[in-house]
Amino acid sequence: MAASVDLSLDNTYEDPSRRADLVLGGMTYGDITDNVAEIWEAGRPPTAWYIVFGIAVVLLGILGVCLLHLFFMGVGVWGNNNPVYWGFPIVNFVFWVGIGHAGTLISAILFLFRQNWRTSINRAAEAMTIFAVVCAGLFPGVHIGRIWVFYWLFPVPTEHLAMWPNFRSPLLWDVFAVGTYATVSLLFWYMGMVPDIATFRDRAKTKLQKIIYGVLSLGWTGSARAWHRYEMAYTILAALATPLVLSVHTIVSFDFAVSQLPGWHTTIFPPYFVAGAIFSGFAMVVTLLVPCRSLFKLERLITIRHLENMNKIIMATGLMVGTAYGIEFFIAWYGGVDYERFAFINRAFGNYGISYWIMVTCNVFIPQLFWIRWFRTNLVAMVIISIFVNIGMWFERFVILMSLTRDFLPSSWGNFYPSMIDILMLIGSFGLFFTLFCLFCRFLPIIAISEVKNVSPQTLHAHGHDHHEEHATAH
Amino acid sequence: MHSRRPGKITSPIVSLSTSYVRLIPLGLLIGAAGLGLAYFMSIPQGGLKRFSYSYLVTYCSLLSMSVGCLFFVTVQHLTRAGWSVTVRRIAEIFAMCLIPMFVLFLPILLPVMMQRDDVYQWVNPAWLAGDREMFREIKNAYLNPTWFAVRIVTYFVIWGMMAYSFFGKSLQQDKTADPQLSRKMQKSATWKMIILAATIVFASFDLEMSLSPRWFSTMFPVYFFAGGVMSAMAVLILTAALLQRSGRVTDEITVEHYHDLAKLTFGFIFFWGYIAFSQFMLIWYANLPEETFWYKFRMGDSASSGWIFWSLMLLFGHLLIPFLAMMARTVRRNKTYLLFATIFILCMHWVDHFWIIMPQLNITMGATDVSGSDPAANPLPFSWLIDVPCAIGLLGVYVAMFSAIAADRPLVPLHDPRLEEALNYRNA
Amino acid sequence: MAHSHKHEKPVETGPKSRLISLVAQFDDPHALVVACDRAREAGYKQFDAYSPFPVHGIDDAIGIRRTRLPFFVLAVALGACVFALFLQYYVNATDESPIFPGYKFFISGKPLFSLPANIPVTFEIIVLSSAFATFFGMWILNGLPRLANPLQRIPMFRRATNDKFFLVLEAKDDKFSENRSRQQLEEWGATAIEECHEDLTDQKIPAGLRRAGILLLFALLLPPALIYRVSGMTYRQPRLHVVPDMDWQDRYNPQTRGPNIGTPERPRPLFADGRAMRKPVPGTIARGDLTENDEYFRGYKTGTAPSESQSGPYAAIQDGMAAPETPPEPEWVDVFPEDITVDADFVKRGKQRFEIYCVACHGYDGNGEGLVNQRAVSLAATGDAAWTAAKSLHDPAVKSQPVGRIFDTISNGRATMGPYKDQIPVKDRWAIAAYVKALQKTGIKSPADLANDQGTATPAGN
């Protein structure tokens, strides 16, 4: 045992003959439960939590003030104007929706691909998805002008108006896609959390806790019959969420790509947007989980290997995005359409060229550092790189949007200048996001306890211990 | 509880054994007969041009399938997959077919080098007459015989080296049982994947998109890739099922592997549909003349051209029917059912390439109007006596190639460090 | 924990409490699976295992059959597909319905029902419905949510969601006997065994809570009820202006004075003529005002227009009811133009429009005896007014007119009859013309005929 301690704390080794342990330090089932539940049971959270939460609430307040100002003054308070009718709001919308995609990828797609390492990170990533979608929905939601008739977005029968939404409009597809995405993510997240809420219920001390967690856990007892249906439902939801996550960013890309604007009308947009979304989402997961892991002492559950895997995915999706940039440029040249060619040259060397190079640097060049193992496994380095990726992905949407400033007719050209409200609302949306995330860390299980137990060495070795001596000795 | 199997090969026969001695001449014979008949029947209908188009359809179907297998092998190493070890060798052999596939491309490449525009219209610069100077310069810079040949050779060199590297190391591991070889393959799979992606992108532009040199779509490489991987998954199931029916590798490839491969087939059917729909929808919706003509021709519904029938056949045969048919767990675990389903899917893969390539024959054979509004000049270029024998003939050659590469080599990796995991995997 | 335990104790040992199951604890999942295997082999049917995570292989050990949830979801998905396509077809491709009519409008030249553009929403609706079906279907099949479970009264059982594994043998099983079962459980490796007794505490929801719940349910109904109430109400007060600068925008309207771009002392208009906007290019036609087709818009054959413009009806009116001079006539069409399809619905529409616009003078039968006419004739008889009696549409002179001429009369008026082209859209005018032709065909019935009609109708009616 003593000799294998070192090995069991470093699980980033590459040995094709054995799978790395995903839970380190010989944790038992009880240890895993305690490790996660202690965050919630602790009398008061760490000081860092209060600091982050405090800042987030202040930023949320700024967002609230900006929104009130917007409601009373109208959308003119933004920098949106002819010819850039969609300014920061759509950039922020696409940015936040994209962030959300990593959560679904981890919880659904990696589940279907049987990537066991997802279990330690999927809960927090799914929570991130939901909060990111909340932030995303905010921007188009307040952009509709007369927000008090927002329900006209939905096909609500009106007896006297005889008015319906236009189902051939990509913007309406967005309403359905983002609405479905938010709902399904919420169902998936909650369903995954029920067994863990039941764990909290059974550990609850105060009457209030007992009532709240008792109601939320729906009377879950962990019966084998219930588990059977639960696992089936989980698989079905994963199978539904996988095409859903593709469709959501695809439909977001349709907002641009169905138009005829050079730089927007490109058929590769759907998969390219999806790859970019996952790219930015994973970066956000890394940004969130590395501090969480240290703060809540989860090093044995969220191991370096987990983080390294995520960094590899960031690198892979970054390369996909880079390839798509390349294909776009090639076809803009090969297609021989003057407007397309101009749009792309202008993108790199025109009025917003600087944002193009920020985007390329952050999205294509910087993630290449992950080829080096040190960057993949160093906590500080990976957080810095992931923040760069998020900056780069925000700029990617900005670059795409700035195609509007230079269209077919030079006489209709114009530049875009964000207003102070634009900038404050972008910052404020981070306040909303982090407020929700902090609350989640405080009151809900941030690691899928039951799923981690299922892939912990204790379970995996229990299955094979009587038939497979090698594993037993290695342990 | 189920007892674990040790990581040992237990099947009595794990190779083609001596059958390949019979399969090679048989495949070549079928090839000669099929291709000969196809060429003979083409003579009254446009000769080499007609034959080359038919040849290209089957060639591209097989090529994209082989590239799909190469992708499969690369991605299995990249993700350190354990379940797929027992079917990976078959994919490696299919990927190896890419080396002789270069020779099979010479009937298309040599005429291009000899400045014949039978297949690729752009070989003759006259197609640009009347275009703007800038447009001519761009198109001539990319689409010219020399540069085309250089690119094609590059693709095949890269694919060949990749396939050979995976196959060679894998065979070496059969002898040495060295787990470090797996590690090497995993490491190299990273940059190999990048190069593979780049070559697939440009190969799809060169082989199929440049048939209609004015048309362009950034999605096209993904479309080509999606169909290729789907067919690769299908052909792996089909090959495994046929091998097991003939009593080979009976113990190693279990129903779980069929189940997983069928799930992947299902996934890529859907992915293909997603890509095909996105490409179509964006072009249909924006309705720009420089793009939309490609689809407009394929949606022509006049009695004689009838491409809409082929388009609908793709919608139903390539997407909806296989999607519903591959959905249920029970069918994914039924070998006999999968045998028929994969044959159907592979036929649809061929139809897909027919639908991409053949309309160009219509356009270049007499039709002056690209929009296809002159039906009389556009007879549907499908012929039971040209396209079917040509497909069967080329398939025969392909089987011969497969047999020659497989020879008496093992059809499963004998000492892969993850063999035990693959043998014991059970789907939930 | 200990606190609640104390309260439970008397209930558990009370005389009425019945043993409902034996709860056995195991320390690792493997032991649980083995025990389940044994229980099934021993012939137990009513038992279940409880674990903090899904234990691999336990389904076979207990003999759980595969759930039918996927089929349920598939059925919902197919239904959602049909529903979504129907919704989009109904909403964007139809517009006639007694209630909640759809709304046809054309976007970028796409067909009203254009399948490619309807796929995204269809897909999302399918996914959303299937996800709901999965989520709720799973809970319903599992019999959850469940407010109280006697198992949860056993302190040991709390670790079922933490680190222990439980096998619960139900007392209602035929094979169950308290002592033997307990012995078996011990043989199978249970580390602890407890009895689970019937829960005899009052499980009813307190009356106050229930009343509050019912009230809450009703309160939830209020918003939709209020929305239903106000939808379709009309208001006399001006509506609330939430964003005033959207409602009263700072902008120039057509035909108004333009801005002064000079100083107040030396005013300089934006345009030389002082207007805010330019006049359209000569020959500009407003949308919907392109009326090139003579047959359809004017009722005469193309190219047969009279060379000089007709003296309009206004001239006749201003001339003090002088008999109109016969203007040069174009060649009227005697069949309906191509754009018109005359069918039962079209004539019905004509009848309805006729009864709105024409009956006041011409009467329901078209015999020229409408109420206005009757009154005007009676006034004219006293000499208080001048009136040219409305024409009977059954007058041979009218009956012989081609349909284009009737259309023209409706459009431009004749003699004292005013023009109706501004009130009635073109298509409706043709519809009225069609109805007039139909009226003329049936002719006027004499009072005797009418009496006969009624005579035949009366017995049946009574």
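Provided above is the structure to which this section pertains.
Nothing here was measured: the structure is a model prediction, and the numbers come from that model.

S.K.: Explain the overall build of chain C to me, and be specific about the residues and the numbers.
M.R.: In terms of regular secondary structure, chain C is built from 17 helices and four strands. Per-residue burial for chain C yields a buried fraction of 25% across its 462 residues. Look at the contacts in chain C between residues 6 or more apart in sequence, and 68% of them connect residues 24 or more apart.

S.K.: Now, about the nonpolar core: what can you tell me, with residues and values included?
M.R.: One finds V285 of chain A, L70 of chain B together with L167 of chain C to be the most contacted residues of the largest nonpolar core, which totals 330 residues. Per-element accounting of this core gives the leading share, 21 residues, to helix 8 (residues 224-257) of chain A. Residue contacts for L70 of chain B: discarding those within four places in its chain leaves A95, L98, W159, M162, A163 and L196 of chain B. Of all hydrophobic cores here, the second largest spans 17 residues; its members include Y300, W430, A434 and L439 of chain C.

S.K.: An account of the interface of chain C and chain A is needed here, citing residue identities and associated values.
M.R.: The interface is formed by 65 residues belonging to chain C together with 59 residues belonging to chain A. Here the element with the most residues in the side of chain C that touches chain A is helix 5 (residues 115-141) of chain C; it accounts for 16 residues. Classifying every residue of the side of chain C that touches chain A gives 39 nonpolar, 17 polar and nine charged.

S.K.: Describe the pairing of strand 1 (residues 19-26) of chain C, listing the residues and the values that go with them.
M.R.: Residues and elements named next belong to chain C. Most of strand 1 sits out of view: six of its eight residues are buried. As defined by bridge partners, strand 1 adjoins strand 3 (residues 165-170) across six bridges and the pair is classed as antiparallel. Residue pairing in the sheet places V23 in a bridge with V168 of strand 3.

S.K.: Describe the sheet that holds strand 1 of chain C, with residues and values.
M.R.: Residue and element names in this part refer to chain C. Here we have four strands laid out as an open sheet, ordered 2-3-1-4, and antiparallel in their pairing. Each of the sheet's edge strands pairs with one partner strand only, and the pair in question is strand 2 (47-50) and strand 4 (192-197). Across the sheet, the axes of successive neighbouring strands diverge by a mean angle of 20°, strand direction being ignored. Helix-sheet contacts for helix 2 (residues 29-41) involve strand 1, strand 2 and strand 3, and the interaxial angle to strand 3 is about 20°.

S.K.: Pulling in residues and values, what's your account of the packing of helix 2 (residues 48-78) of chain B against helix 3 (residues 85-96) of chain B?
M.R.: Residue and element names in this part refer to chain B. As a packed pair, helix 2 and helix 3 sit with axes 8 Å apart at the nearest point and diverge in direction by 135°. With respect to their mutual orientation, helix 2 and helix 3 come out oblique. Where helix 2 crosses over helix 3, the two elements pack in a sense that is left-handed. Contacts from S66, C69, L70, F72, V73 and Q76 of helix 2 reach helix 3 at R88, A91, E92, F94 and A95.

S.K.: Talk me through the environment of D21 of chain A; I want residue IDs and the actual numbers.
M.R.: Residues and elements named next belong to chain A. Checked against the element boundaries, D21 lands in the loop between helix 1 (5-9) and helix 2 (29-41). Take D21: there are 22 C-beta atoms within 10 Å of it, and that puts it in the buried class. Taking the C-alpha atoms as reference points, D21 and T303, 282 residues apart in sequence, are found 9.4 Å from one another.

S.K.: With reference to specific residues and values, describe the interface of chain B and chain A.
M.R.: The interface is formed by 32 residues belonging to chain B together with 30 residues belonging to chain A. Counting residues per element, the side of chain B that touches chain A draws most heavily on helix 9 (residues 255-286) of chain B, which supplies nine residues. Among the residues making up the side of chain B that touches chain A, the classes are represented as 21 nonpolar, six polar and five charged.

S.K.: An account of helix 4 (residues 98-113) of chain B is needed here, citing residue identities and associated values.
M.R.: Three or four residues apart is the spacing at which side chains of an α-helix point the same way, because the helix has 3.6 residues per turn. All names here are of chain B. Helix length check: helix 4 (16 residues) gives 21 Å between terminal C-alpha atoms against 22 Å at 1.5 Å per residue, within 8%. The largest bend in helix 4 comes to about 50°, at L106, with the proline P107 one to four residues further on. Those residues of helix 4 that fall on the buried side of the exposure criterion are L98, M101 and V112. As for helix 4, its buried residues are in contact with helix 2, helix 3 and helix 6 (145-176).

S.K.: I'd like a description of the packing of helix 15 (residues 403-412) of chain C against helix 16 (residues 426-442) of chain C, backed by residues and values.
M.R.: Residue and element names in this part refer to chain C. Packing of helix 15 against helix 16 leaves a shortest axis separation of 9 Å and a crossing angle of 125°. What the angle tells us is that helix 15 and helix 16 run oblique. The two elements helix 15 and helix 16 meet at a crossing, and its hand is right-handed. Mapping the contact onto sequence places V403, I406, F407, I410 and S411 in helix 15 and R429, W430, I432, A433, V436 and K437 in helix 16. Looking at side-chain class alone, the contact of helix 15 with helix 16 contains eight nonpolar, one polar and two charged residues.

About the criteria used
Residues numbered from 1 in each chain as written. Chains lettered and ligands numbered in written order. Predicted model: local features only at pLDDT ≥ 70, side-chain atom pairs only at ≥ 80, totals over all residues. Helix = DSSP H or I, 4+ residues; strand = E, 2+ residues; numbered from the N terminus. Buried ≥ 20, exposed ≤ 12 C-beta atoms within 10 Å, placed from the backbone. Contact = placed C-beta atoms within 7 Å. Core = buried A, V, L, I, M, F, W, Y, C linked by C-beta atoms within 7 Å. Nonpolar A, V, L, I, M, F, W, Y, C, P; charged D, E, K, R; others polar. Pairing = 2+ DSSP bridges. Axes fitted to C-alpha atoms, helices over the stretch in contact; angles between N-to-C directions. Parallel < 35°, antiparallel > 145°, perpendicular 65-115°, else oblique. Left-handed = near helix turned anticlockwise from the far one by under 90°. Expected span 1.5 Å × (residues − 1). Bend = angle between axes of the 7 residues up to and from the residue.

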